[in-house]
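Summary of the model geometry
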Amino acid sequence: AEEKEPNNDIDGPLGKAQRVEVNTTVNGTFAAASDVDYYVFKAAKGQRVVISCLASTVDSRSQPALEVFDARGRQLAENVYYSGDDAVTDVTAAEEGDYFVRVFTHTYTFRQAIQGMPGGGTDQHYRLSISTAPWIDAAVPNVVQPGKATTVTLWGRNLPGGKLDPAARVDGVVLEKATVSVTAPADGSGKLKFSGRVLPAGGFADGFELRVKNAVGSS
């Protein structure tokens, strides 16, 4: 889906929150450093919904921050700089109803403005996903032998077979823990097969993607 302006307020003179379904991805843009975008989705009671706002991963110069509120206006979650300039958080719905996502630029500034360059435009885009698909925060060990089955412990959200691990938290959010058997490709030497963001220093590693799936989709 595409962002639809005006959505600079929950419901007021600056616009109305853009309604989206759970398991929707929206491509948006910050028109100015002060731009604030609101979205609203309906969640079922007990549903864990992961909200991710990608910037670095989609080659954007924006620095998005996330805040999530319930229908009473109580802030439930927030995040900035989860990984690079990407922001990720989640909420578990205490009751069925509407939940609001506020997306804005952290400190309300653009990098270009700091560098004396013009701000705004297509390089301030973001990709917002509101999803119940799995999300992997960490995998241990993250180095395995090629061609050998290895038990890997995952921490994340909405993991198939996952159970809450109170000892594992990210920004106060309790993660789930699960184990999977992983067999790295036997012919992986000199290859890096990864569709996400890779920093230059990591480009020399041998690697492959580890994904898990539930009824909604893939991590």
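Described below are features of the structure shown in this document. (Residues numbered from 1 in each chain as written. Predicted model: local features only at pLDDT ≥ 70, side-chain atom pairs only at ≥ 80, totals over all residues. Heavy atoms only, no water.)

This part takes up the layout of surface pockets. In this structure, the largest pocket encloses a volume near 1,800 Å³. In terms of lining residues, the largest pocket is bounded by 50 residues, among which Phe 194, Gly 196, Phe 208, Glu 209 and Leu 210 are the most central. Listed by contribution, the elements that provide at least two residues to the lining of the largest pocket are strand S6 (48-54), strand S11 (125-131) and strand S12 (135-140). Considering every element that reaches the lining of the largest pocket, the biggest residue donor is S12, with five residues. Class assignment for the residues of the lining of the largest pocket results in 26 nonpolar, 14 polar and 10 charged. Computed from the structure, the second largest pocket encloses a volume of approximately 200 Å³. Lining the second largest pocket are 16 residues; nearest its centre among them are Asp 70, Leu 76, Thr 92, Ala 94 and Tyr 99. Among the secondary structure elements, those contributing two or more residues to the lining of the second largest pocket are strand S8 (75-80), strand S9 (87-92) and strand S10 (97-105). Among the residues making up the lining of the second largest pocket, the classes are represented as seven nonpolar, two polar and seven charged. (1 Å grid on protein atoms, 1.4 Å probe; cavity = no way out; pocket = protein on both sides within 12 Å on 5 of 7 lines; lining within 4 Å. Points joined across faces, edges and corners; volume = space filled by probe spheres on them. Helix = DSSP H or I, 4+ residues; strand = E, 2+ residues; numbered from the N terminus. Nonpolar A, V, L, I, M, F, W, Y, C, P; charged D, E, K, R; others polar.)

All right, on to the packing of aromatic side chains then. By the definition in use, this model includes four aromatic pairs. Relative to Tyr 126, the ring of Phe 30 lies with its centre 4.9 Å away and its plane at 40°, an arrangement referred to as tilted. Of the two residues, Phe 30 is situated in the loop between strand S4 (24-29) and strand S5 (36-43) and Tyr 126 in strand S11; the sequence distance between them amounts to 96 residues. Look at Tyr 126 and you get buried, because its relative accessible area is 1%. (Phe/Tyr/Trp six-rings, centres within 6.5 Å; stacked < 30°, edge-to-face > 60°. Buried < 20%, exposed > 50% of the residue type's maximum accessible area, 1.4 Å probe, protein only.)

With that settled, consider the sheet that holds strand S14 (residues 163-170). Here we have four strands laid out as an open sheet, ordered S12-S13-S15-S14, and antiparallel in their pairing. The open sheet has two edge strands, S12 and S14, and neither has a second partner. On average, each strand axis in the sheet is tilted by 45° relative to the strand beside it, whichever way the strands run. For strand S13 (residues 149-157) and strand S15 (residues 173-183), the ladder comprises eight bridges, and the chain directions are antiparallel. Across the sheet, Ala 149 pairs through a bridge with Thr 183, a residue of S15. (Pairing = 2+ DSSP bridges. Axes fitted to C-alpha atoms, helices over the stretch in contact; angles between N-to-C directions.)

With that settled, the discussion passes to the sheet that holds S11. Taken together, four strands build an open sheet; the order of strands is S4-S11-S6-S9 and the sheet is antiparallel. Looking at which strands have only one partner, the edges of the open sheet turn out to be S4 and S9. The sheet shows a mean angle of 15° between the axes of neighbouring strands, direction not considered. As defined by bridge partners, S6 adjoins S9 across six bridges and the pair is classed as antiparallel. Bridging across to S9, Cys 53 finds its partner in Ala 87.

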